[in-house]
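The lines below spell out each chain.
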2 protein chains.
Amino acid sequence: MTTLKDIAKHANVSVATVSKYLSFDLAVKKETEARIQAAIKELGYVPNVVAKALKRKETFNVAVIVPKINNLYYSEITSGISQTLGKHQYNLFIYEVDQLHLDEDEILQLMRENMIAGIIFIGLFSDESFKESIRTVVGWEIPVVYANRYMPFDGFPLLYPDLVQASKLGTAYLASKGNSRIALVHKRLPDRLLDLFVEGYRQGIEEDREPLLVAIEEGVDYSQSIIPALVEHRIDGVFVLNELSAVYLAKAMAQANIRIPDDMAVLSLGNSLISQISTPELTCVDLQNRELGVRSAEIILSQIRKQPFEAVTVLEPFLVERSSV
Amino acid sequence: MTTLKDIAKHANVSVATVSKYLSFDLAVKKETEARIQAAIKELGYVPNVVAKALKRKETFNVAVIVPKINNLYYSEITSGISQTLGKHQYNLFIYEVDQLHLDEDEILQLMRENMIAGIIFIGLFSDESFKESIRTVVGWEIPVVYANRYMPFDGFPLLYPDLVQASKLGTAYLASKGNSRIALVHKRLPDRLLDLFVEGYRQGIEEDREPLLVAIEEGVDYSQSIIPALVEHRIDGVFVLNELSAVYLAKAMAQANIRIPDDMAVLSLGNSLISQISTPELTCVDLQNRELGVRSAEIILSQIRKQPFEAVTVLEPFLVERSSV
DNA sequence: TTGTATGCGTTATCAC
DNA sequence: GTGATAACGCATACAA
C-alpha cells in the first residue's frame with residue numbers, strides 16, 4: 001500500500017505539498033507537478049478515504065434506512081437515491097429494518113460509530129415509523145431526511161407525494177370515464193391520511209359527497225369480504241390505495257365474473273411493474289418514487305454541504321392510462 | 001465527541017487499558033471495570049469505527065455490485081445478503097451499475113479507496129459481466145464472490161443455481177401433466193447456458209430428443225412472433241427461462257384465446273412476486289435467490305475471517321405449483 | 001511555492 | 001493488571 005509519504009519521498013517533495021496538490025489546495029510548479037504525477041503513476045497510489053475521514057471527521061457515506069429492499073415500491077426510491085449519490089461520489093449504505101435482527105437503536109448506534117454523513121429514512125405510509133429515531137439522530141446533528149411519509153413539518157426535511165392531488169387525479173379520471181359510484185379501498189391507514197384521500201376525492205368529483213370507504217384487513221379473502229361490499233353498494237369504480245391490493249382485487253373480480261372496467265373500473269395508487277403486469281393492465285396514479293429518491297438524495301447532500309435546502313418537498317403525481325378504467 | 005482518552009482520564013486509567021478492556025483483550029479488576037463503565041455511561045462514549053479501521057487496516061463494510069436494484073430477482077438476493085451481513089455486524093454498500101454513471105473501473109477504485117472488506121458481484125445470466133473486474137479485485141487481494149452466474153471455477157468463489165436441475169424439474173413437471181411437445185423459450189442466452197437447459201430438458205422427458213428452442217429478441221411483439229411459432233409446432237407446454245417473459249407470454253396467449261394450461265401450459269423460471277400476480281398464476285421453478293444471497297454473504301465473511309469456504313456452491317431449485325401447468 | 005509539525009481516535013508493542 | 005508511546009494515512013496551521 002503506497003501512501004502520500006511514499007509519493008513525497010519518490011518525488012522529492014514534502015507530504016504536505018503532495019496532499020495539498022491532490023486536493024487542489026495548492027498551485028505547484030509545473031516541474032513538481034510532473035514529478036508528483038510520475039510518482040503517483042509509478043507507485044500506483046490509491047488515496048485512503050478512511051484516513052481522510054478520520055482527519056476530516058466526515059465520511060462520504062450516506063445511509064438509507066428502508067423497511068424492505070425486495071419491494072418494487074421502495075426499491076424504486078432507493079434506486080433514485082443510489083443514482084444521485086453515485087453521481088456525487090457518495091457511497092450508499094443500506095439497512096433493511098425488516099430483515100436486520102437489530103432494532104432501530106442499534107442501527108442508529110452503527111450510524112454514529114461509522115461517522116455516517118447523512119441518513120435517509122424511507123417511511124411507511126401506514127404509520128409514523130422512524131419518527132423517534134429521526135429525533136434522536138437530529139439531536140446528534142447528523143443530516144437527515146424523511147421520505148415518503150406525509151406529516152406536518154417537524155424540524156427535519158420531509159419529502160412526500162401530494163396525496164390529495166393523487167386522490168383527486170384518480171377520482172376525477174374515474175368520474176370522467178362515467179363512473180359515478182366510486183369507492184376508496186385501502187389497507188389500514190391512519191385517519192389523518194385517509195382524510196387527505198377523502199379530500200382529494202371530493203375535489204375529484206366536484207361534489208361534497210363522501211366516498212364509500214372499504215378497509216382491507218390483514219389476510220382477508222377479497223372475494224368473501226371486499227367484493228360483496230362493493231357489489232352491495234353498487235360501486236362502479238374503485239380507487240385502490242395500494243398497488244398490490246389493486247392487483248389482488250382485480251384478480252378476485254375476474255373470478256367473480258365482474259368485468260373490468262365495464263362492470264367495475266379499477267384504479268391503483270402506485271405505478272411499479274406490477275400494475276403493468278396485472279390482467280387487465282391497471283390504470284394508475286404514479287407517485288414518482290424514483291424522483292422522490294433523487295430529491296431525497298439531493299437534499300441530504302445539500303445539508304451535508306451546508307447549502308440551503310427545502311424543508312418540505314411535495315411531489316406531483318400523474319395519471320397513467322392503461323385498460324382497467 | 002468523547003474519545004477513549006476522555007474515558008481514560010475520567011476513570012483514572014490509561015487509554016491502553018480502556019481500549020484493551022473494551023476489546024476483551026484484558027481482564028481488569030472489578031473496581032477498574034466499574035470505573036470505566038461509569039465513565040462510558042456518564043460521558044456517552046461512542047466508539048469510532050473509522051479510527052479503528054485506519055489502525056487495523058480493515059473495515060466492516062462489504063460492497064454488493066448489482067446490475068439493477070429495482071428488480072425483484074436481484075433485490076431478493078440483495079435482501080438475503082443484507083440480512084446475513086447485518087447479523088454479523090457488517091455494513092452493506094450497494095452499487096447499482098446500471099444507474100451509476102461511473103464505469104466499473106471507477107467503482108473498483110472506490111472499493112480500494114474505502115478499504116472495503118469484501119465484494120459480492122451479482123452477475124447476469126446472459127453474459128459474463130464483471131468477470132474482468134473480479135480478476136482485478138482478486139489481484140488486489142480483496143475477498144470476492146461471484147453470485148448468480150454459472151461458469152466453470154476460475155479462481156474465485158462461485159455461487160449459482162443448478163440450471164440443469166431447474167430445467168429437468170420444470171420439464172418433468174410439464175411432462176407429468178400430459179404435455180408432450182414442450183418448447184424452451186428464452187431471451188438471448190449464450191450457448192453454454194442454453195446447453196445446460198437442453199441437457200436438463202432431456203433428463204426431464206427421459207428421452208434423447210431436442211426441445212424446440214424459441215428465442216425472444218429484444219422488443220418483439222409476442223403475439224406476432226412467439227405465439228405463431230409455438231402454434232405452428234403444435235407445442236402444448238412452454239418452459240420460459242425468464243420470469244417476466246413468461247408473464248408477457250401468458251398475456252399474449254390470453255389475447256390469442258389460447259387457454260392456459262388446457263391449450264398450452266406455461267412454466268416460468270424464477271419465483272418472484274410477479275409469477276404470483278400473473279393471470280393465471282404461474283407454476284414455476286424457484287431458484288432460491290434469497291438463499292443465494294445468504295450463502296454469498298456467508299462465503300464473503302468466511303474469506304474475510306480467513307476461514308475455509310466452498311469454492312463452488314450450487315443451489316438446488318424446487319418446483320412451485322400454481323395454476324398455469 | 002514548499003516544508004515542519006501536530007493530531008484525528010484507535011490499536012498494538014513494549015515495558016513495568 | 002496497567003501504562004507509555006508509537007504508529008495508521010491524511011490534512012492543516014504555521015513557518016520559511
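The structure presented is a predicted model; accordingly, all values stated were derived computationally and were not measured.

Peer 1: For this particular structure, what's the right way to read the relation of the copies chain B and chain A?
Peer 2: Related by rotation about an axis and a shift along that axis, the two copies of the chain form a pair. Overlaying chain B on chain A yields an RMSD of 0.1 Å, the required transformation being a rotation through 180° with an accompanying axial translation of 0.0 Å. The superposition of one copy onto the other is thereby described by a two-fold rotation axis. Within chain B, B:F93 has its C-alpha nearest the rotation axis, a separation of 2.3 Å. Comparing interface residues between copies, 100% of those in chain B also lie at the interface in chain A; the contact surface is shared.

Peer 1: Would you mind showing me how to read the interface of chain B and chain A here?
Peer 2: Buried accessible area, meaning the area lost when the parts come together, often serves as the stated size of an interface. In this complex, chain B contributes 53 residues to the contact, which on the side of chain A involves 53 residues. Taking both sides of the interface into account, the surface hidden between chain B and chain A amounts to around 4,600 Å²; carbon and sulfur atoms contribute 61%. With a closest N to O distance of 3.8 Å, A:K251 and B:E281 form a salt bridge. Viewed at the interface, chain A and chain B are joined by 16 residue pairs in polar contact (both at pLDDT 80 or more). Counting only elements with at least two residues in the side of chain B that touches chain A, the list comes to α4 (49-56), α5 (72-87), β2 (91-96), α6 (104-113), α11 (243-255) and α12 (273-277) of chain B. For the side of chain B that touches chain A, the element with the most residues is α5(B), which contributes 9 residues. For the side of chain B that touches chain A, a count of residues per class yields 24 nonpolar, 20 polar and 9 charged.

Peer 1: I would appreciate a short explanation of the sheet that holds strand β8 (residues 237-240) of chain A in the present structure.
Peer 2: To summarise the sheet geometry, strands pair through backbone hydrogen bonds and adopt either a parallel or an antiparallel arrangement. Residue and element names in this part refer to chain A. Read across the sheet, 6 strands follow the order β7-β6-β8-β9-β10-β12 without closing on themselves; strand pairing throughout is mixed. Each end of this open sheet is capped by a strand with a single partner; those strands are β7 (212-216) and β12 (318-320). Between one strand and the next, the sheet's axes are offset by a mean angle of 25°, whatever the strand orientation. Pairing between strand β6 (residues 182-187) and β8: 4 bridges, direction parallel.

Peer 1: Just checking my understanding: could you explain a negative patch on the surface for this structure?
Peer 2: All names here are of chain A. Taken together, the side chains of D103, E104, D105 and E106 present a region of like negative charge at the surface. For D103, the location among the structural elements is in the loop between β2 (91-96) and α6 (104-113). On the basis of relative accessibility, which here comes to 43%, the residue D103 falls in the partly exposed class.

Peer 1: Sorry, what's going on with the protein's contact with DNA strand D here?
Peer 2: Neighbouring residues of DNA strand D: 26 residues in total, closest A:L4, A:Y45, B:T17, B:K20 and B:K57. Across the atoms of DNA strand D situated within 4 Å of the protein, the share located in sugar and phosphate is 68%. At 3.0 Å from a phosphate oxygen of DNA strand D is found a side-chain nitrogen or oxygen belonging to A:S19. Here B:K55 contributes a side-chain N or O atom positioned 2.7 Å from a base nitrogen of DNA strand D. Breaking the surface near DNA strand D down by element, the ones donating at least two residues are α2 (15-22) and α4 (49-56) of chain A together with α2 (15-22) and α4 of chain B. Across the surface near DNA strand D, the residue classes break down as 12 nonpolar, 7 polar and 7 charged.

Peer 1: Can you walk me through the sheet that holds strand β10 (residues 283-286) of chain B in this structure?
Peer 2: Residues and elements named next belong to chain B. In spatial order, the strands read β7-β6-β8-β9-β10-β12; together these 6 strands make up an open sheet with mixed pairing. Whereas interior strands pair on both sides, the edge strands pair on one side only; in this sheet they are β7 (212-216) and β12 (318-320). Adjacent strand axes in the sheet meet at a mean angle of 25° when their direction is disregarded. Pairing analysis gives 3 bridges linking strand β9 (residues 265-269) to β10, with the strands arranged parallel. Counterpart to S268 in the pairing with β10 is C284. Lying on the sheet, helix α8 (residues 163-176) is in contact with β6 (182-187), β8 (237-240), β9, β10 and β12; it crosses β8 at an angle near 160°. Along the sheet, helix α9 (residues 191-205) contacts β6, β7 and β9; its crossing angle with β6, the most-contacted strand, is approximately 160°.

Peer 1: Explanation requested: the packing of aromatic side chains in the structure shown.
Peer 2: To describe a pair of aromatic rings, you give the distance between the ring centres and the angle between the ring planes. Residue and element names in this part refer to chain A. Per the stated rule, a full pass over the model turns up 17 aromatic pairs over all chains. With a centroid separation of 5.4 Å and an interplanar angle of 80°, the aromatic rings of Y73 and Y74 are classed as edge-to-face. Here Y73 matches Y74 in class, with each residue buried. Ring geometry for F121 versus F130: centroids 5.5 Å apart, planes at 50°, classification tilted. You'll find F121 and F130 in the same group, each marked buried. Lying over the aromatic face of W140, R112 brings its terminal NZ or CZ to 4.1 Å of the ring centre.

Conventions used here
- Residues numbered from 1 in each chain as written.
- Chains lettered and ligands numbered in written order.
- Predicted model: local features only at pLDDT ≥ 70, side-chain atom pairs only at ≥ 80, totals over all residues.
- Heavy atoms only, no water.
- Least-squares fit on C-alpha atoms with pLDDT ≥ 70 in both.
- Contact = heavy atoms within 4.5 Å.
- Buried area = accessible area lost by both parts, 1.4 Å probe.
- Salt bridge = Lys/Arg side-chain N within 4 Å of Asp/Glu carboxyl O.
- Polar contact = N/O pair within 3.5 Å; in protein donor to acceptor, adjacent residues only side chain to side chain.
- Helix = DSSP H or I, 4+ residues; strand = E, 2+ residues; numbered from the N terminus.
- Nonpolar A, V, L, I, M, F, W, Y, C, P; charged D, E, K, R; others polar.
- Pairing = 2+ DSSP bridges.
- Axes fitted to C-alpha atoms, helices over the stretch in contact; angles between N-to-C directions.
- Patch = residues over 30% accessible without salt bridge, like charges linked within 9 Å, V, L, I, M, F, W, Y side chains within 5 Å.
- Areas by Shrake-Rupley, 256 points an atom, 1.4 Å probe, with all protein chains shown as cover.
- Lys, Arg positive; Asp, Glu negative; His and termini not counted.
- Charge placed at Lys NZ, Arg CZ, Asp CG, Glu CD.
- Buried < 20%, exposed > 50% of the residue type's maximum accessible area, 1.4 Å probe, protein only.
- Near = heavy atom within 4 Å.
- Phe/Tyr/Trp six-rings, centres within 6.5 Å; stacked < 30°, edge-to-face > 60°.
- Lys NZ or Arg CZ within 6 Å of the ring centre and 35° of its normal.

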